[in-house]
Amino acid sequence: MTLKKGTTEPALFDFFSTTPRESVVEVEGTVQASAKAQRGLELVPTRAELLSPSEVPLPLGVVDKVGAELDTRLNHRVLDLRKPAVRAIFELRTQLLDGFRQAFLARGFLEVETPKLLQQGAEGGATLFPVDYFDRRAFLAQSPQLYKQMLMSAGFERVFEIAPAFRAEPSDTLRHLTEFTSLDAEVAYVREADEIRELLEAVVVDALARTRARLLAVGHPLAERVPVAARPFPRVPFAECERLLGRPGAEEDLGTEDEKRLGEILVERTGQPFYFLTDFPTAVKARTFYARRYDDRPGVTGYFDLDFRGVELASGGPREHRLDRLVANLRAAGLDPADFAGYLEAFRYGMPPHGGWGFGLDRLVWLLAGVGNIRESRLFPRDRYRLTP
Ligand code: AMO
């Protein structure tokens, strides 16, 4: 907008010099070409109206270059979201969501929405949020795991879901939230892990290509950060990971630090940002009762993780579709099959072999946007300490 003392009508000049920053105004005027203006156009106002004033002082600068602490930014998130660089993260997120949805639909998947209020959890007790459900206790879904598997028995051969997942995750890390968006997929008639991995990498490559193309088309500042991923992604067996970490045969699950170190080694070695960690040992997946066990390969499952530069983005694998084995796995994990009656029923009337994965959208947005913390990938993040705004 062009305001020049002497040339702008005095009342308008006063209006703009006294209206506090960040107020909402309606302005009419003439648009003119201008070499000086950022977008090559300027507005010479003829009328202005204050629609909603902003209070002063602002708790958080919107146009100032000085960065505020993340906590301050999240406490006053609507002001923070007004910054173009912050908004850009959500433009990226929008395109990624659409890219994934299109990639699934192009492959014949049906989009499903499974319940988030559950009688029992999917992934074991520790990270469940209990809620009062009239005179009973219910839990918030940690994952659509049980339902996406049940749908395989319904004859829905390829399903995907984009929905919130809730985890009472006490750890205060850069990569954990208590509410995150999970992109889940499940497909019938797959037996081997590689069939699932091939589908996952195809979906990821396709979703990223769509996202990148859309962002490039509008000259978006984050477009170039979306990688052009090449298939196949490298596959590194778990036993090899343990050798690289200097603890061969330990059969311990990978922690955050292990994933980071592996990321440094593997990205350097393969030149690829995405890679699979494959063949998780049965001992590591002992609690993952729904993971298929192979009679001819007793020590390993087909379970895998998909990592991006040292951060786990997804995990999945072939499921146990044989009812007797599933019940045995539940018992071995210390769970009572009676608590899973609704789930187990789906295995009693014909269940095809199946498999799938869960993919954390927020982690991908966080890493692609190049921001410091996963909290910045959500509009109003939830963590161990934050329940508001
Ligand atoms: P898992 O527990 O590995 O697998 O979760 C799948 C993916 O979800 C993301 N994720 C998280 N993101 C942010 N904050 C969290 N607290 C958090 N927890 C998990 C990660 C992770 O890779 N049912 C299985 C999937 C399957 O087998 O299909 C599951 O939920 O990116």
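Residues numbered from 1 in each chain as written. Predicted model: local features only at pLDDT ≥ 70, side-chain atom pairs only at ≥ 80, totals over all residues. Heavy atoms only, no water.

Engineer: Give a detailed account of the sheet that holds strand β13 (residues 304-308), specifying residues and quantitative values.
Structural biologist: With mixed pairing, eight strands are arranged side by side in an open sheet as β3-β7-β8-β15-β14-β13-β10-β9. The open sheet has two free edges, formed respectively by β3 (110-111) and β9 (235-237), since each of these has just one partner strand. Contacts from helix α8 (residues 256-270) reach β9, β10 (274-278), β13 and β14 (311-318) within the one sheet, and its direction differs from that of β10 by about 120°. (Pairing = 2+ DSSP bridges. Helix = DSSP H or I, 4+ residues; strand = E, 2+ residues; numbered from the N terminus. Contact = heavy atoms within 4.5 Å. Axes fitted to C-alpha atoms, helices over the stretch in contact; angles between N-to-C directions.)

Engineer: Would you mind going over the packing of aromatic side chains in detail, with residue names and values included?
Structural biologist: This structure, assessed with the given rule, holds 17 aromatic pairs. Consider the rings of Y133 and F134, whose centres lie 5.1 Å apart with planes at 70°: the pair is edge-to-face. A centroid spacing of 6.5 Å and a plane angle of 65° characterise the contact between F340 and Y343, whose relative ring orientation is edge-to-face. Its relative accessible area of 4% is what places F340 among the buried residues. Put simply, the rings of F289, Y290, Y303, F340, Y343 and F347 touch in pairs and so form one group of aromatic residues. The ring of F280 is capped by K285, whose NZ or CZ atom sits 5.0 Å from the centre of that ring. Its guanidinium or amino end placed over the ring of Y294, R297 lies 4.0 Å from that ring's centre, counting from NZ or CZ. (Phe/Tyr/Trp six-rings, centres within 6.5 Å; stacked < 30°, edge-to-face > 60°. Buried < 20%, exposed > 50% of the residue type's maximum accessible area, 1.4 Å probe, protein only. Lys NZ or Arg CZ within 6 Å of the ring centre and 35° of its normal.)

Engineer: Which residues make up the environment of G370, and what values go with them?
Structural biologist: Turning to its location among the elements, G370 is positioned in the segment after α11 (361-369). Along the primary structure G370 and L326 are separated by 44 residues, whereas in three dimensions their C-alpha atoms are 41 Å apart.

Engineer: Describe the nonpolar core, listing the residues and the values that go with them.
Structural biologist: Residues F100 and F359 are the most contacted members of the largest nonpolar core, which totals 53 residues. At 10 residues, the largest contribution of residues to this core is made by helix α6 (residues 193-217). The contact partners of F100, leaving out residues within four places of it in the chain, are L183, V203, V204, A207, F359 and L364. One finds V236, L254, F289 and L344 within the second-largest nonpolar core, a separate group that totals 31 residues. (Core = buried A, V, L, I, M, F, W, Y, C linked by side-chain atoms within 4.5 Å.)

Engineer: Just give me the short version of the packing of helix α4 (residues 84-106) against α6, but keep the residues and values in it.
Structural biologist: α6 packs onto α4 with a crossing angle of 135° between their chain directions and a minimal axis gap of 8 Å. In terms of their interaxial angle, α4 and α6 are classed as oblique. Note on packing geometry: the crossing formed by α4 with α6 is right-handed. For the pair α4 and α6, contact is made by E91, L92, Q95, L96, D98, G99, F100, Q102, A103, F104 and A106 and by V203, V204, D206, A207, L208, R210, T211, R214 and L215, respectively. Of the residues in the contact of α4 with α6, the class split is 11 nonpolar, four polar and five charged. (Parallel < 35°, antiparallel > 145°, perpendicular 65-115°, else oblique. Left-handed = near helix turned anticlockwise from the far one by under 90°. Nonpolar A, V, L, I, M, F, W, Y, C, P; charged D, E, K, R; others polar.)

Engineer: Give a detailed account of the domain arrangement of the protein, specifying residues and quantitative values.
Structural biologist: Split by domain assignment, the protein resolves into domain 1 (2-57) and domain 2 (84-377). Just the C-alpha atoms count here: the centres of domain 1 and domain 2 sit 50 Å apart. (Domains from an automatic or database assignment.)

Engineer: Got a sec to walk through the pattern of salt bridges? Specific residues and values, please.
Structural biologist: Per the counting criterion, the structure on display carries 38 salt bridges. In this structure, E161 engages K116 in a salt bridge whose closest nitrogen and oxygen atoms are separated by 2.9 Å. Of this pair, E161 sits in strand β7 (residues 158-166) while K116 sits in the loop between β3 and β4 (117-118), and the two are 45 residues apart along the sequence. It is possible to trace a salt-bridge network through shared partners that takes in R73, R77, D80, K83 and E376. (Salt bridge = Lys/Arg side-chain N within 4 Å of Asp/Glu carboxyl O.)

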